[in-house]
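Topology and contacts: notes
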Amino acid sequence: MKLAIISFAHMHAFSYAKAIQSYPGAKLAGIYDDDPNRGERAAEDFNTQYYESLDVLLSTDIDAVIITSENSMHKVHTVAAARAGKHVLCEKPLATNIEDSLEMIRTCKENNIILQTAFPVRFSSPVLRAKTIIDSGELGEVLAIKGTNRGTNPGGWFIQPEFSGGGAVIDHTVHVVDIMRWFLKSEVKEVYAEVDNRFVSEKIDDCGILSMEFDNGTIATLDCSWSRNPSFPTWGDVTLEIVGTKGTLSVDAFAQKIDVFNERGHKYHYWGDEMDAGLMGDFIESIKEERIPSISGLDGLKALEVALAAYKSSRQKEPIQLSQV
Amino acid sequence: MNYVLIVGAGTMGTVHAHSYLNMDGVQLAGIVDIRADAAKQLGQQTGTRVFPTMEEAMEALPEIDVIDICLPTYLHLEFVKKAAQFVKNVICEKPLARSIDEAKEMIEFCKEKGIKLFVGHVVRFFPEYVKAKQIIEDGGIGRPGVIRTSRGGGFPAGWENWYESREKSGGLVLDLLIHDFDYLRWCFGEVERVYARGIKGREKLDYTLVTLKFKNGVIAHLEGTWAHQGFSSSFEFAGEKGIVDYDSKKAVPVHLVRHVDSSIQTAGVTVPESPLKENPYFQELQHFIHCMNSGQDPIVTCDDGLKALEIALAAQEAMDTNKPVFLKSVKEELTK
């Protein structure tokens, strides 16, 4: 199977490239990037060909593309790939607005190609184990979830809204909302959020606390803030505190780490399973077996809706019903 | 010598009684509880005389100069007013009362009668919380941004299951989260708006998540739980330059594990233990006694207790209405 990567604007492109190259039978056949320097360097790093034209890349015999461009470019790149008949794994958030997301989903459907949203946290071994525990009924009915997906200010285009669509809220809401939807098999009904700009000097939302209610009555909160500073031992976290009628479950997706103390300070070194490999494997197998991917474009849209509702709630200082988005 | 009468021989009465026993210049003179067994047990533990009513205690012990009310919340107003007839100093456990009206009535009653009223917001005496506040005030994290706190454990057991009754205790938000409301207000000043969601209608299971927006811009997220096993508390202050992080589950200097097969008996509210020469309850009560004698203002005033109650009631309202609640300050009304 031949795969290509469209843009190295998003840093996840590197781990996806590694995941492709270490997957049996998969080949990284090319890289397109609108920044020739970045594209050529990446092609060199991964020993593959750089294409300065997206159309030329899409006219080759590749089977699928990984889109890791700026959020605002996801639509253009996905639509182009879909029309060329190439399956798409798109970095999250799926897009910066609902209209683009819908167009992406529609175009992929019309061209009969797979659109998968990159939610690698679904392939985290601790998160998968938590899903098994919840599905077994051991926790009883899930009543509440307290989640965090805190991180570091990524800088660059991430803090330029014309490229990113927003700051911490659009960046860090979607992963954990996706996990919550997946765990609960229920959709977010209502969102309230406090969003602010308190960490970075640029004018962009860099912190937020979302409160949600799901259709099934479960309540949840999510801290999506870029509140980790450079001296914090790691980039951020994904945690879930789950309260059920029969017990509680604490999940910390990156707790499998060792602590290192040296002249560079105190750092966590993660030794758990790499989840990007799981995501890539699922995408590749879905294409091979011509099956529906385990994470769809619709999943990407649903998570994006929550992030957009959080912005609206914060502006209006009131809870937002999801149908109003 | 300061002579103390404790009213209420439950969990908090027991903690206070043991604190007074070790305090210089203080004598625990009597314990009141209408439950003869509870009174007798604590009386024997502490070598203190016990009485079924405050009136009988005061008749027998006219030297008492401070009465410490450790009763369920819904009895605070009645017993603080009663105590004010006998002594010049009253200590009342948190929360002050079930409602703003009750709390104001209590405060004004004491003010008119010249009674010093102290409220037991003990978190202000926990050294980890004091230290965190100090680091933040010294600029240790730069401008604070997002604050997270957590507090709780199992569902508390109490006399006639008073914790289960929102009428009597105010539930988790008033009884438990009020600690963090008071502490955070101490750190960051007044709250502008409150949003809260909690699980509803579950027997002996309660869990609430609150978001506070302070007037200075700080966002705080609070978890209060009576759905977990074993008490714990934690906080994280994230600022633009640094992070202050604490979790009682991880800061355990002494950990005894016994090889037994019988289950652990739990009684009353779980009280966190930490091997300090002077525990936070001791420090709190010693501070109150010092304020009584010196005329110094306490670290936490009854007006602070009222403000914390205001935030808690706003959280309760937010939970009931699914809407954020903007706080109306009660301070102006008080100073009228």
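Criteria and cut-off values
Throughout, residues of each chain are indexed from 1 in the direction in which the sequence is written. Written order determines the labels here, with chains lettered from A and ligands numbered from 1. Per-residue local features of the predicted model are confined to residues with pLDDT of at least 70, and side-chain atom pairs are confined, for both listing and counting, to 80 or more; whole-chain, interface and lining totals are unaffected and use all residues. The basis for every side-chain value is the complete set of heavy atoms in the structure, and neither hydrogens nor water enter the calculation. Helix numbering and strand numbering both begin at the N terminus, where a helix is a DSSP run of H or I of at least 4 residues and a strand a DSSP run of E of at least 2. For a compact globule the rule gives 2.2 Å times the number of residues to the power 0.38, and the radius of gyration it is set against comes from C-alpha atoms. Residues count as neighbours in contact if any of their non-hydrogen atoms are within 4.5 Å of one another. Note that accessible areas follow from Shrake-Rupley with a 1.4 Å probe, and for residues the cover is restricted to the protein chains shown. Within this scheme the basic residues Lys and Arg register as positive and the acidic residues Asp and Glu register as negative, but His and the chain ends are omitted. Every charge is mapped onto a representative atom, which is NZ of Lys, CZ of Arg, CG of Asp or CD of Glu. Any two strands with at least two DSSP bridges between them are considered paired. Every angle, taken between N-to-C directions, lies between 0 and 180 degrees, and every axis is a line fitted to C-alpha atoms, over only the stretch in contact when it is a helix. For any pair of parts, buried area is found by adding up, for both, the accessible area (1.4 Å probe) each one loses once the two are put together. Between Lys or Arg on one side and Asp or Glu on the other, a salt bridge is scored when a side-chain nitrogen of the former is within 4 Å of a carboxyl oxygen of the latter. Within 3.5 Å is the distance limit for a polar contact, defined as a pair of N or O atoms, with the added protein rule that one can donate a hydrogen and the other accept it, and that residues adjacent in sequence qualify only through two side-chain atoms. Where each domain begins and ends is defined by an automated method or by a domain database. For this classification, under 35 degrees means roughly parallel, over 145 means roughly antiparallel, 65 to 115 means roughly perpendicular, and everything else is oblique. For a crossing to be left-handed, the near helix must be turned anticlockwise from the far one by less than a right angle; the clockwise case is right-handed. Note that Gly is not counted as nonpolar here; it falls among the polar residues with everything else outside the nonpolar set of Ala, Val, Leu, Ile, Met, Phe, Trp, Tyr, Cys and Pro and the charged set of Asp, Glu, Lys and Arg. A patch consists of residues exposed above 30% relative accessible area that lack any salt bridge, with like charges linked at up to 9 Å and nonpolar side chains (Val, Leu, Ile, Met, Phe, Trp, Tyr) linked at up to 5 Å. Predictor confidence is given residue by residue as pLDDT, running from a minimum of 0 to a maximum of 100. Only protein chains enter the accessibility calculation, which uses a 1.4 Å probe; a residue is then buried when its area is under 20% of its type maximum, exposed when over 50%, and partly exposed in between. Any two of the Phe, Tyr and Trp rings considered here, Trp counted by its six-membered ring, make a pair once their centres fall within 6.5 Å; the pair's planes then place it as stacked at under 30 degrees, edge-to-face at over 60, or tilted in between. Comment: the charge-over-ring label is applied if NZ (Lys) or CZ (Arg) is within 6 Å of the ring centre and within 35 degrees of the ring normal.

Attention now goes to the overall build of chain B. Helices and strands together make up the secondary structure of chain B, namely 12 helices and 13 strands. Relative to a compact globule of 336 residues, whose C-alpha radius of gyration would be 20 Å, chain B shows 20 Å and is just as compact. Expressed along its principal axes, the backbone C-alpha trace of chain B runs to roughly 60 × 60 × 40 Å. Taking as baseline every contact in chain B between residues at least 6 positions apart, the subset at least 24 positions apart corresponds to 69%. Carbon together with sulfur atoms contributes 48% to the accessible area of chain B, which is approximately 14900 Å² in total. Across chain B, 38 positive and 46 negative side-chain charges occur, with their mean positions spaced 5 Å apart.

Residue and element names in this part refer to chain B. Taken together, the 6 strands give an open sheet; going across it, the order is E3-E2-E1-E4-E5-E6, and neighbouring strands pair in parallel fashion. The open sheet has two free edges, formed respectively by strand E3 (49-51) and strand E6 (116-120), since each of these has just one partner strand. Sheet twist, expressed as the average angle between the axes of neighbouring strands with direction ignored, equals 25°. Both strand E2 (residues 26-32) and E3 contribute to a ladder of 3 bridges, which runs parallel. Across the sheet, Gly30 pairs through a bridge with Arg49, a residue of E3. Sitting on the sheet, helix H4 (residues 76-84) is in contact with strand E1 (2-7), strand E4 (66-69), strand E5 (89-93) and E6, with an inclination near 165° to E5. Relative to the sheet, helix H10 (residues 280-294) contacts E1, E2, E4, E5 and E6, its axis offset from that of E6 by approximately 165°.

Across the boundary between the two partners, chain B contributes 36 residues, which contact 37 residues of chain A. Summing both sides of the interface, chain B and chain A together bury roughly 3100 Å²; the carbon and sulfur share of this comes to 57%. Scanning the region where chain B abuts chain A turns up 9 salt bridges. Run the count over chain B and chain A and you get 14 residue pairs in polar contact (both at pLDDT 80 or more). Of all the elements in the fold, those that place two or more residues in the side of chain B that touches chain A are strand E7 (144-152), strand E8 (191-198), strand E9 (206-214), strand E10 (219-226) and strand E11 (232-239) of chain B. It is E7(B) that provides the largest number of residues to the side of chain B that touches chain A, a total of 5 residues.

Interface size is commonly expressed as the accessible surface area that is lost when the partners come together. Residues and elements named next belong to chain A. According to the domain assignment, chain A consists of domain 1 (2-113) and domain 2 (121-275 + 304-321). On a C-alpha basis, the centres of domain 1 and domain 2 stand 26 Å from each other. The partner domain 2 presents 14 residues to the 14 residues of domain 1 that form the contact. Both sides together, the interface formed by domain 1 and domain 2 hides about 1100 Å², and carbon and sulfur atoms give 68% of it. Per-residue buried area on domain 1 facing domain 2 is highest for Lys92, Thr96 and Ile98; these three make up 38% of the total on that side. Remark: the boundary between domain 1 and domain 2 carries 1 salt bridge. In this assembly, domain 1 and domain 2 are joined by 6 residue pairs in polar contact (both at pLDDT 80 or more).

This part takes up the packing of helix H6 (residues 127-137) of chain B against helix H9 (residues 178-188) of chain B. Residue and element names in this part refer to chain B. The geometry of H6 relative to H9 is characterised by a closest axis approach of 10 Å and an angle of 25° between their N-to-C directions. Put simply, H6 runs roughly parallel to H9. For H6 against H9, the interelement crossing comes out right-handed. Along the contact surface, H6 presents Tyr129, Val130, Ala132, Lys133 and Ile136, while H9 presents Asp180, Tyr183, Trp186, Cys187 and Phe188. Classifying every residue of the contact of H6 with H9 by side-chain character gives 8 nonpolar, no polar and 2 charged.

What follows concerns a negative patch on the surface. A grouping of Glu40(A), Glu44(A), Asp45(A) and Glu52(A) is seen on the molecular surface, where their side chains present a negatively charged patch. With respect to the helices, strands and loops of the structure, Glu52(A) is situated in the loop between strand E3 (50-51) and helix H3 (54-58).

The subject of this paragraph is the packing of helix H4 (residues 74-83) of chain A against helix H5 (residues 98-110) of chain A. Residues and elements named next belong to chain A. For the pair H4 and H5, interaxial distance at closest approach is 9 Å and the crossing angle is 10°. Taken together, H4 and H5 sit at an angle that is classed as roughly parallel. Of H5, the residues touching H4 (which contributes His74, Lys75, Thr78, Val79, Ala82 and Arg83) are Asp100, Glu103, Met104, Thr107 and Cys108.

Residues and elements named next belong to chain A. By the bridge criterion, 6 bridges tie strand E13 (residues 257-262) to strand E14 (residues 265-270) in an arrangement that is antiparallel. Across the sheet, Asn262 pairs through a bridge with Gly265, a residue of E14. Taking the residues between adjacent antiparallel strands as the criterion, E13 and E14 are bridged by 2 residues.

Before going further, it helps to spend a moment on the sheet that holds strand E6 (residues 115-118) of chain A. Strand order in the open sheet formed by 6 strands is E3-E2-E1-E4-E5-E6 (chain A), and the pairing between neighbours is parallel. The sheet terminates laterally at E3 and E6 of chain A, the two strands that pair on one side only.

In this model, chain B carries an average pLDDT of 92, and 93% of its residues clear a pLDDT of 70 or more. Scored by ipTM, the complex comes to 0.92, with pTM at 0.93.

All names here are of chain B. Relative to the helices and strands, Glu167 resides in helix H7 (residues 166-169). The exposure class assigned to Glu167 is exposed, which follows from its relative accessible area of 62%. Note: C-alpha distance between Glu167 and Thr73 (94 residues apart in sequence) is 9.3 Å. Excluding anything up to four places from it in sequence, Glu167 contacts Tyr74 and Arg98.

With that settled, consider the packing of aromatic side chains. Note on aromatic pairs: each is described by the distance of the centres and the angle between the planes. In the structure shown here, the tally under the stated rule is 23 aromatic pairs over all chains. Measuring from ring centre to ring centre gives 6.1 Å for Phe125(B) and Phe288(B), while their planes differ by 80°; the resulting arrangement is edge-to-face. With Phe125(B) in the loop between E6 and H6 and Phe288(B) in helix H10, this residue pair connects regions lying 163 residues apart in the sequence. Phe288(B) shares its class with Phe125(B); the two are buried. Within the aromatic cluster, the residues linked to one another by ring pairs are Tyr129(B), Tyr183(B), Trp186(B), Phe188(B), Phe214(B), Phe235(B), Phe237(B) and Tyr246(B). Lying over the aromatic face of Phe232(A), Arg228(A) brings its terminal NZ or CZ to 4.7 Å of the ring centre. Over the aromatic face of Trp186(B) sits the side chain of Lys133(B), whose NZ or CZ is 4.2 Å from the ring centroid.

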